Structure formats: structure tokens, C-alpha cells
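These are the residues of each chain, in order.
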Amino acid sequence: MSLTVQTETPVIEVSHVSTRFGQAVVHEDVSLMVVRGEIFAIAGGNGSGKSTLLREIVGLLTPTSGEIRLFGRDSRELEGSDGQPLHRRFGVMFQGGALFSSMTLAENVAVPLREHTHLNARIIRDIVALKIALVGLPPDSAVKFPSELSGGMRRRAALARAIVMDPELLFLDEPTAGLDPIIADGFDQLLVHLKRLLGFTVVMVTHDLDTLWRLADRVALLGSGRVVGLGTMEELAHCEDPLVHEYFNGPRGRAARLQYAGTVMHQD
Amino acid sequence: MTLVQDRLLRCQGSWTMPDIAPVEQALRGSFWTQHGALVLETSDIHAFDTGGAVVLQRFLTEARRGGCEVTIQGLRSEYAQLLSLVASNWGAIATDPPVRPNRGVRLELWIRDRFADMVRALAFVGESVVASLRVFVAPSQVRWRTCLQSLRVDGVNALPITGLLTFLIGVVIAYQGAEQLRKFGTNIFIVDLVGISLLREIAPLIVAILVAGRSGSAYAAQIGTMKVTEELDAVKTFGLSPIDLLVLPRVVALIVAVPLLTAYADVLGVFGGMLIASNQLNVSFTAFLSRFDEAVALRHFLIGIGKAPFFAAIIALVGCYQGLQIRGGVDDVGRQTTISVVQSIFLVIIFDAICSILLSWWDL
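So, here is what we can say about the structure in this document. (Residues numbered from 1 in each chain as written. Chains lettered and ligands numbered in written order. Predicted model: local features only at pLDDT ≥ 70, side-chain atom pairs only at ≥ 80, totals over all residues. Heavy atoms only, no water.)

The next subject is the overall build of chain A. Each helix and strand counted, chain A has 10 helices and 10 strands in total. Residues counted as buried form 49% of the 268 residues belonging to chain A. Excluding contacts between residues fewer than 6 apart, the proportion of contacts in chain A whose partners are at least 24 apart in sequence is 65%. Carbon and sulfur atoms form 54% of the exposed surface of chain A, whose accessible area is close to 12,400 Å². (Helix = DSSP H or I, 4+ residues; strand = E, 2+ residues; numbered from the N terminus. Buried < 20%, exposed > 50% of the residue type's maximum accessible area, 1.4 Å probe, protein only. Contact = heavy atoms within 4.5 Å. Areas by Shrake-Rupley, 256 points an atom, 1.4 Å probe, with all protein chains shown as cover.)

Structure representation (C-alpha cells):
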């Protein structure tokens, strides 16, 4: 009945998902939808189940009830051996980077290529070098081990590994948490730049309000296990719901919004 | 996927990372570019990603280097964008990858590392010895609670496995000996065989090896994980010393636990031998025990028990030291734990050998 004509299947469809760990209820009837090409953010306070939802979407956890569809396919397929083609269509960047500590940066980035393609070593090296250059890391960092990289560089390296197969869908878990403001800004810009170049859909979990204002096309705010707000940042900022209002209109929320308004005016 | 038609190369199909390998193989070499000019007809490519773009760009670069002018026809605009993205980053891609230092430099680094490692180990032993003197000077400052906890985990909880293993070792020694002794009709000497070898050498060694595997490795992993998660740094910011807090209680606990475990292992090992003696050699329990009294001098027991605290100190110090050496990430924890076990068993056996030589000099 909606006015927009939905010809394409949504990239992600989460319907009526509930999650319980023993007695603790993490999600209660969460539903949301991500369409192709958007930057979709899942926001919420600490412990609101953002990361758990992300882990369920990428198939690391199974929800207690409800259904999650990725590219129109049930995400439970990811567990089986026939989940390989589905795995290849998305990349995940974990919060701490989750780089394999026994491998150099270049070897880390090359893992999906080595496992999923039959390319020869030279082409793999070329693709890896391209992705390392795209995320803005210097070429000589390729032979370094994760323990030799700074936090910001590790984040970029993790992004390079996540996008190495040109995924259609990119998941980011707290991409800017723990980074200084300058590096975090740089990371936001990098993400927009890469999205324009490679054209992927982004789903990110974050509570960085600046990132939300600057990047997110749509935001789902989780609170007490439910989706309490869903829409663009403008819509959410004017939402009357007390939970949403509190989240986006606290001192930090207002500051981020003012700063965003400032940059928009600057660009005009 | 590619077929040629008089200097016109038709490219088709999917040029994406999962599918590009055969195309890349076909394009390699100078076969296509031997004619000075080549046209690539690319309108039939229906999927293209950066992998395809890298393959194409590599082909273009090599063709141009070989003096062949390649023109691309009909590449979709979004694909052309990807190609130009690759071309604009070609500088970074084509540069030779930096390499790790070569062998000579690595050898030098390795030797320096080993030397620095030795210095660090010595410093650590020194620090620990100084810290342990405090046990006598100011016993109230020792973390007795950690000590007792460690005593339970590394001592009491090790009783079943140590007991079982030394019992079996006693059985094995008696079994092997029984065969030979029966030939000479000297059945009663089974007591000397089992008693002396177990009390003096085998029981302390078996206990030490077990404790190194059970507790030494656990120390390295525990302390290493604490280091990785910055818990040790937190401890230091409170003005506390990790040696006092973590190392000393463990060393003290093991020094108490290992001799006790050894004595217990002695009993079970000899009991194992006794069972076999009565079963295979008709040496009754009473005969065994009365012979034990005269054949096995007290010094054998004391030498075995006397070595145990030193074994304990070696194992605890090596485990804690290797744990503290972890610098990188979780990957190091596993490696350093392995090193701690190998090193502590190695050092225990070396120490045992030195003891044997010294004691035989002194006719003990």
C-alpha cells in the first residue's frame, strides 16, 4: 500500500526477531529492512542489543524466534556448507578489527581471495595492494603485523579486508569507536568515498552521533529490546518518543546536530 | 571467455573475482599483443569488479610495455569508472612490495633478541629473589590468599593425576624388573630397584613434568592474558608490583606443593611396585616393607624431596616469566605458553643431571 514501488527485494529483511539468553531478553519482536545502496545505522545505548542484532544478521548467532533474510535468502543458510556464495556477498568489519595476529596486513587482506578464488599470487597481490591503497594505508604497512599497527591503521586494515571481495553489503561494528576525532572524521569520509567508488550497501552499528548525522541515510534506534525509532536523523531528532528524544537531544546529540548543520551550510 | 578475430579481442562473461582466474590465465603472455595494435571489445562483459579491473589494467600495462597499442571499446561507464579507479592507484599497486629484512639482518636481530632475552630473564630472576626475601622479612606483605588459592589449584587438584601416574610408573618399573630379577633368582631386589629409582629420581621428575604441564603453562597463559588485556598495566598504575602480586604467591605455592606432591607420589609409586612384587615375584607386602627399611636409605628419599623445591621454583619462574614476555596479541599467548612448558621441563632435567653428577662426586 506504500507509495514507493518496491521492485527489488530488500538487501536485509529482519522480521519479528526475538532473542533471549536464558532469562535475559535482548530483542523483543524487532523488524527492520535495509534497501540497496543506503547507509543504514543501528543505534542505541550500551547493552541495547545492537551488536547482537548485527551478529544475528551475519549468521554468527541464531535468534530465538523470527526470521532474517539476506538478499532474500534465509540467514540460517549461512551456517551450512551451501552458505558460501552468500558469505561472499558481504564483508564484516569487527569492532577491534579482528585481524589475524599471526599474519601480516597483506596476508590478512588476502585471506578471502585465497580461500574463495583461484587467482594466481600476482593478481591477488595486485588486488590486495589496491585495497590497501584505497583505505589510505601506506604501501609499506603491507608487511607489518597487526600488533605493529596503530588503532586507526588496524581499523583501516580491517576495512580493507572487509571490502577485498567487492561485497555488495558491508557490515561495520562500531567503526569509529575509540578513534580520535580527526581519525574518526577521516574514517567517515573514507567510507563515503569508498561507497561511491564501489557502490555497496552499508549496515553499521554505532553510537557515534557525529557519524550518524554525517553518514546515515536511515537509523534504527534500539532501546529496551525493541526498535523505538526508525527513520532519517532529521525525523528522529523531531520524534516525540521520550526514549528517542533523550538519545538524540542530549547535550552530545545537540552538539553533533549543530556541527552537522554547520558543515552543511559550509558546503552550500 | 575471450576469442580473437583479427586484432579484435572479444571479452565476454563475468569478470569478477570468483570467475576471473581463467581469463587472467588466457591473457597472460604476449600472444595477443604481438601485432602492435589490438582492440578490446568489452560490451559483452556482464559483471565486473575491481578484480576484473586489476586483471584488465595489468594486461594493458604489459601490452603497452611490449609496444602494443590497446584500445578498449564498449566498456560500460560504471565499469570504466572502476578501471580508472585501478589505473589511478596503479602506482601503489605496481611498486614492488616491501620485503621483510633479509637473512643477515634477521640473524643479527635474532642474536640481539636472544641476548636481550637473557638479560631480561636474569633481571626477572633477580627481582623475584629480592621479592621472595620479603617472605622472611615482612611476611605480612605476602599475598597469602593468592598463595593458598594457588596451593589448592596446583597442589590439591593435582593429587589424582599425579597419584595415578606414579602408581602406573611404579607398576611398569616393577614389571620390567621382575623379568630380569627372576632369571637370577634375586626376587627380593625388586625392593631396591623400585625404591631407589622412584624415591630418588623418577617420582620428583614425573611430578615436575606434570606440574610444568599443568601449572607452569597455566601461569604463562594467565599472566600473558592479563598483559594482553592491560590488566598488568592497571596493576602498575596502582603502584603495585606484578611480581609481588602475581609471581611471588605462585612461586611460594609451588615450592610448598611440589615436595608434598613428590612425597605422595613416592608412596603411590612404591605401592604400585609392591603390588607387582607380590603378584609376579612372590614377595609379600611384609617382606617388601622389611627389605625396604634396610635397602633404601633415608638419604634417597631426602635427595628426591630436596630437589623438588628447586624444580618448583624453576617451573613457576619460567611460567611467570614467559607470561610477562608476551607483548603482541593473543597469538603470543599460545606460543609463549608452549615455550614455558618446553623450557621449564628442559631446565628441570638439566638441573637434575647436575644434581646427579654433584651427588656422585660427594658419594651420596
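Before going further, it helps to examine the nonpolar core. Burial of nonpolar side chains together is a common tendency in soluble globular proteins. Ranked by internal contacts, the top residues of the largest apolar core, which has 82 residues, are Leu113, Leu159, Leu212, Val219 and Phe248 of chain A together with Trp15 of chain B. No other element matches the 8 residues that helix α4 (residues 121-134) of chain A contributes to this core. Core analysis: the next-biggest nonpolar cluster, separate from the first, contains 60 residues, Ala212, Val235, Ile314 and Leu324 of chain B among them. (Core = buried A, V, L, I, M, F, W, Y, C linked by side-chain atoms within 4.5 Å.)

Counting across every chain of the model gives 8 aromatic pairs over all chains. Aromatic rings pair up to connect Trp15, Phe48 and Tyr79 of chain B into one cluster. Between the NZ or CZ atom of Arg89 of chain A and the centre of the ring of Phe71 of chain A, over which it lies, the distance is 3.9 Å. (Phe/Tyr/Trp six-rings, centres within 6.5 Å; stacked < 30°, edge-to-face > 60°. Lys NZ or Arg CZ within 6 Å of the ring centre and 35° of its normal.)

A separate point is the sheet that holds strand β1 (residues 12-21) of chain A. Residues and elements named next belong to chain A. On the basis of which strands lie adjacent, the open sheet formed by 4 strands has the order β2-β1-β4-β5 and antiparallel pairing. With partners counted over all chains shown, the strands left at the sheet margins are β2 (24-34) and β5 (73-74), one partner each. Looking at chain direction, β1 and strand β4 (residues 65-70) are connected through 5 bridges and run antiparallel. Bridge pairing in β4 places Glu13 opposite Arg69. (Pairing = 2+ DSSP bridges.)

All names here are of chain A. This structure, assessed with the given rule, holds 20 salt bridges over all chains. We note a salt bridge from Glu38 to Arg218, for which the minimum N-O separation is 2.9 Å. In this pair, Glu38 is assigned in the loop between β2 and β3 (39-44) and Arg218 in strand β9 (residues 218-223), connecting sequence segments 180 residues apart. With relative accessibility at 7%, the residue Glu38 sits in the buried group. (Salt bridge = Lys/Arg side-chain N within 4 Å of Asp/Glu carboxyl O.)

Okay, the packing of helix α5 (residues 103-137) of chain B against helix α10 (residues 242-280) of chain B next. Residues and elements named next belong to chain B. The interhelical angle for the contact between α5 and α10, taken along N-to-C directions, is 75°, at an axis separation of 10 Å. The angle between the axes of α5 and α10 places the two elements in the roughly perpendicular class. Of the residues in α10, those touching α5 at Phe124, Glu127, Ser128, Ala131, Ser132, Arg134 and Val135 are Ile243, Asp244, Val247, Leu248 and Val252. Across the contact of α5 with α10, the residue classes break down as 7 nonpolar, 2 polar and 3 charged. (Axes fitted to C-alpha atoms, helices over the stretch in contact; angles between N-to-C directions. Parallel < 35°, antiparallel > 145°, perpendicular 65-115°, else oblique. Nonpolar A, V, L, I, M, F, W, Y, C, P; charged D, E, K, R; others polar.)

All names here are of chain B. Taking 1.5 Å per residue as the helical rise, helix α7 (residues 159-184) with its 26 residues ought to reach 38 Å, and the 37 Å between its terminal C-alpha atoms agrees with that figure. Along α7, the helix axis deviates most sharply at Ala178, where the bend reaches about 35°. For α7, the set of buried residues is Thr162, Gly163, Thr166, Gly170, Val171, Ile173, Ala174, Gly177, Ala178 and Leu181. In the core, the buried residues of α7 are packed alongside α8 (190-228) and α10. Downstream of α7 by a residue or two, Gly185 has a phi angle that is positive, lying close to 65°. (Expected span 1.5 Å × (residues − 1). Bend = angle between axes of the 7 residues up to and from the residue.)

The next point concerns the interface of chain B and chain A. Contacts between chain B and chain A engage 26 residues on the former and 30 residues on the latter. Between chain B and chain A the total buried area reaches about 2,400 Å² when both faces are included, carbon and sulfur atoms providing 65% of it. The interface formed by chain B and chain A contains 3 salt bridges. The closest approach of N and O atoms between Glu24 of chain B and Arg122 of chain A, which form a salt bridge, is 3.6 Å. At the surface where chain B touches chain A, the tally comes to 5 residue pairs in polar contact (both at pLDDT 80 or more). Counting residues per element, the ones that place at least two in the side of chain B that touches chain A are α1 (21-27), α2 (50-65), α3 (77-88) and α4 (90-94) of chain B. With 6 residues, α2 of chain B is the largest single contributor of residues to the side of chain B that touches chain A. Each residue belonging to the side of chain B that touches chain A can be placed in one class, and the counts come to 14 nonpolar, 5 polar and 7 charged. (Buried area = accessible area lost by both parts, 1.4 Å probe. Polar contact = N/O pair within 3.5 Å; in protein donor to acceptor, adjacent residues only side chain to side chain.)

Moving on to the sheet that holds β3 of chain A. Residues and elements named next belong to chain A. Judged by pairing direction, the sheet is mixed, and its 6 strands sit side by side in the order β6-β7-β8-β3-β9-β10 without closing on themselves. Where the open sheet ends on each side, the last strands, each with one partner, are β6 (90-93) and β10 (226-231). Sheet twist, expressed as the mean angle between neighbouring strand axes with direction ignored, is 15°. Sheet analysis places β9 next to β10, joined by 5 bridges and oriented antiparallel. Opposite Ala220, over in β10, you have Leu230 as the bridge partner.

Take unusual backbone geometry next. Even without being a glycine, Asp29 of chain A presents a positive backbone phi close to 55°. Mapping Asp29 of chain A onto the fold places it in strand β2. Positive phi outside glycine occurs at Glu230 of chain B, with the angle close to 65°. Checked against the element boundaries, Glu230 of chain B lands in the loop between α8 and α9 (231-237).

What follows deals with the packing of helix α6 (residues 144-154) of chain B against α10 of chain B. Residue and element names in this part refer to chain B. It is at 8 Å that the axes of α6 and α10 come closest, and there the two elements cross at 40°. When the interaxial angle is binned, α6 and α10 end up oblique. In this structure, α6 meets α10 at a crossing whose hand is right-handed. For the pair α6 and α10, the contacting residues are Trp144, Thr146, Cys147, Ser150, Leu151 and Asp154 in the first and Leu245, Pro249, Arg250, Val252, Ala253, Leu254, Val256, Ala257 and Leu261 in the second. A class-by-class count of the residues in the contact of α6 with α10 yields 11 nonpolar, 2 polar and 2 charged. (Left-handed = near helix turned anticlockwise from the far one by under 90°.)

In short, shape yes, function no, at least from these values alone.
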